[in-house]
Every structure is written in structure tokens, then in C-alpha cells.
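These are the residues of each chain, in order.
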Amino acid sequence: MGQLKRKAIYPGSFDPITNGHVDIIERLVGLYDELTVLIANSSDKTYLFSAEERMHLAKESLKSLPTVSVAMHDGLTVEYAKSIQAPVIIRGLRAVADFEYEMAMANMNKHLNNKIETLIVFADPKFGYVSSRLIKGVAKYTSQLEGLVPLVVLEAIRKKFGQ
Ligand code: ADP
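Calculation rules
- Residues numbered from 1 in each chain as written.
- Predicted model: local features only at pLDDT ≥ 70, side-chain atom pairs only at ≥ 80, totals over all residues.
- Heavy atoms only, no water.
- Helix = DSSP H or I, 4+ residues; strand = E, 2+ residues; numbered from the N terminus.
- Buried < 20%, exposed > 50% of the residue type's maximum accessible area, 1.4 Å probe, protein only.
- Lys, Arg positive; Asp, Glu negative; His and termini not counted.
- Salt bridge = Lys/Arg side-chain N within 4 Å of Asp/Glu carboxyl O.
- Contact = heavy atoms within 4.5 Å.
- Core = buried A, V, L, I, M, F, W, Y, C linked by side-chain atoms within 4.5 Å.
- Near = heavy atom within 4 Å.
- Polar contact = N/O pair within 3.5 Å; in protein donor to acceptor, adjacent residues only side chain to side chain.
- Areas by Shrake-Rupley, 256 points an atom, 1.4 Å probe, with all protein chains shown as cover.
- Nonpolar A, V, L, I, M, F, W, Y, C, P; charged D, E, K, R; others polar.

A. Region of interest: unusual backbone geometry. The residue after Asp15, namely Pro16, is reached through a cis peptide bond having omega 0°. Structurally, Pro16 is set in the loop between strand E1 (7-12) and helix H1 (19-28). Residues other than glycine seldom take positive phi values, yet Phe14 does so here, at roughly 50°. Here Phe14 is to be found in the loop between E1 and H1.

B. Spotlight on the side chain of Arg54. Mapped onto the fold, Arg54 is located in helix H2 (residues 51-61). One buried charged side chain, Arg54, makes no salt bridge at all; its nearest oppositely charged neighbour is Asp15, positioned 4.3 Å away.

C. Representation of the environment of Arg91 in the model. As for its position among the elements, Arg91 is in strand E4 (residues 88-93). The buried category is assigned to Arg91, whose relative accessible area is 15%. The spacing of Arg91 and Ile9 is 82 residues in sequence and 9.0 Å in space, taken between C-alpha atoms. Those residues in contact with Arg91, other than ones at most four positions away along the chain, are Tyr10, Pro11, Gly12, Tyr101, Glu102, Met105, Thr118, Leu119, Ile120 and Val121.

D. Inspection of the nonpolar core at higher detail. Core analysis: the largest hydrophobic core is formed by 34 residues, its most contacted members being Ile17, Ile25, Leu62, Ile90 and Leu145. Listed by contribution, the elements that provide at least two residues to this core are E1, H1, strand E2 (34-40), H2, strand E3 (68-73), E4, helix H5 (132-139) and helix H6 (151-160). In this view, Ile90 contacts Ala8, Ile9, Tyr10, Pro11, Ile24, Leu28, Tyr32, Leu119 and Val121; residues no more than four positions away in its chain are not counted. Residues Val78, Tyr80, Ala86 and Ile116 belong to the second largest nonpolar core, which totals nine residues.

E. Layout of the site of the ligand. Taken together, 16 residues form the shell around the ligand, and within it Tyr10, Ser13, Phe14, Gly92 and Val130 come nearest. Side-chain polar atom of Glu102 to an oxygen atom of the ligand: 3.3 Å apart, as the coordinates give it. A total of 550 Å² of accessible area belongs to the ligand in isolation, and the protein chains cover 90% of it. Those elements that place two or more of their residues in the shell around the ligand are E1, H1 and E4. Each residue belonging to the shell around the ligand can be placed in one class, and the counts come to seven nonpolar, five polar and four charged.

What follows is the structure in C-alpha cells.
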């Protein structure tokens with residue numbers, strides 16, 4: 001039997017992926033043999049970018065990282081984690097404002113499957129104010145988002161808002 005691979009998943013909406021997300025992913029690369037960026041496609045949520053667009057933007061932004069893959073899932077994150085035998089869910093924390101939501105979700109996931117651990121990674125302070133929601137809000141009026149999102153995302157935003 002081969003050595004067990006260290007696997008983790010990093011779930012989120014990634015609508016769109018930002019440099020804050022990419023930073024977390026790059027920092028995880030050395031810690032796990034396989035990291036799956038799991039793009040949620042929930043029917044309860046409305047997205048700016050379609051699931052296919054979000055997948056494409058994430059894949060393009062992460063293509064230099066061979067141990068990182070991108071997948072899409074509509075359903076419980078813990079179910080996906082179990083299906084690929086990944087015992088770890090990674091979430092990012094930017095500020096206290098993120099804390100209660102992340103703690104509730106981690107506890108819910110623990111309730112659903114106590115063999116899967118949620119690990120929190122603190123955002124790099126330089127991306128502490130970067131959220132997909134803010135990016136979308138600003139992107140309607142300006143494409144002055146260099147350094148905050150990958151280039152491919154910047155181009156997609158420009159196209160979407162006709163800038
Ligand atoms: P969700 O809708 O599930 O919150 P997001 O795509 O907004 O999905 O975020 C996915 C994860 O990445 C969350 O844990 C979030 O806190 C984290 N995250 C978002 N923006 C940043 C950032 N700038 N730096 C670090 N982590 C971040």
C-alpha cells in the first residue's frame with residue numbers, strides 16, 4: 001500500500017477568485033499533497049459569474065500549481081470531502097467579522113461529519129480588505145483592481161462590465 005496522501009479542500013463561492021484566495025492556496029501548496037479548490041454552486045445563491053466561468057477563472061489563475069485542482073460541487077462540502085477522502089476543510093479568516101460565520105459553519109460541518117476538521121488560515125493583511133463581494137461592487141464602476149485579482153479575472157470583469 002502506498003503512503004497516504006495529505007489531501008485538503010478549500011471550498012467557497014470564488015465569484016470571482018481574488019488574490020486573497022490565491023495567496024491562501026499558494027501557502028497551502030507545501031502542506032498538502034493534493035489541494036482541491038471546491039467551487040460551490042448553490043441554487044439558493046445568485047452569482048455574477050456562472051459556475052463554468054468561476055471554474056475557468058480559478059483554473060487559469062492556479063495553472064502554475066500542479067498539485068492544485070479545481071472542482072465544482074452543489075451540495076454539502078463534507079460529502080464532497082468524504083468522497084475524495086480529504087479529512088481537511090480549509091477556510092480563510094480576514095477579520096473578526098468573518099469569525100462567527102466561519103465558526104458556525106465549522107461546527108455544523110463537525111456535526112455532519114466529525115472525522116473532517118476545518119482549519120482556519122489567516123489572510124495576509126495586505127489582502128484583508130479584499131472580498132469577492134467588494135470586488136464586484138467596485139468593478140461596476142472601475143477596473144482599477146490591479147493587484148487585487150488575477151489578470152484573467154481583471155479581463156473577465158472588464159468584459160462583463162464593458163470597460
Ligand atoms: P463563501 O461564499 O463560501 O464565503 P468566498 O469565495 O467568499 O466563499 O470565500 C471562500 C473562503 O476564502 C472563505 O473562507 C473566506 O473567508 C476566504 N477568503 C475570502 N477572501 C479572502 C482573502 N482576501 N484572504 C483570505 N481568505 C479569504
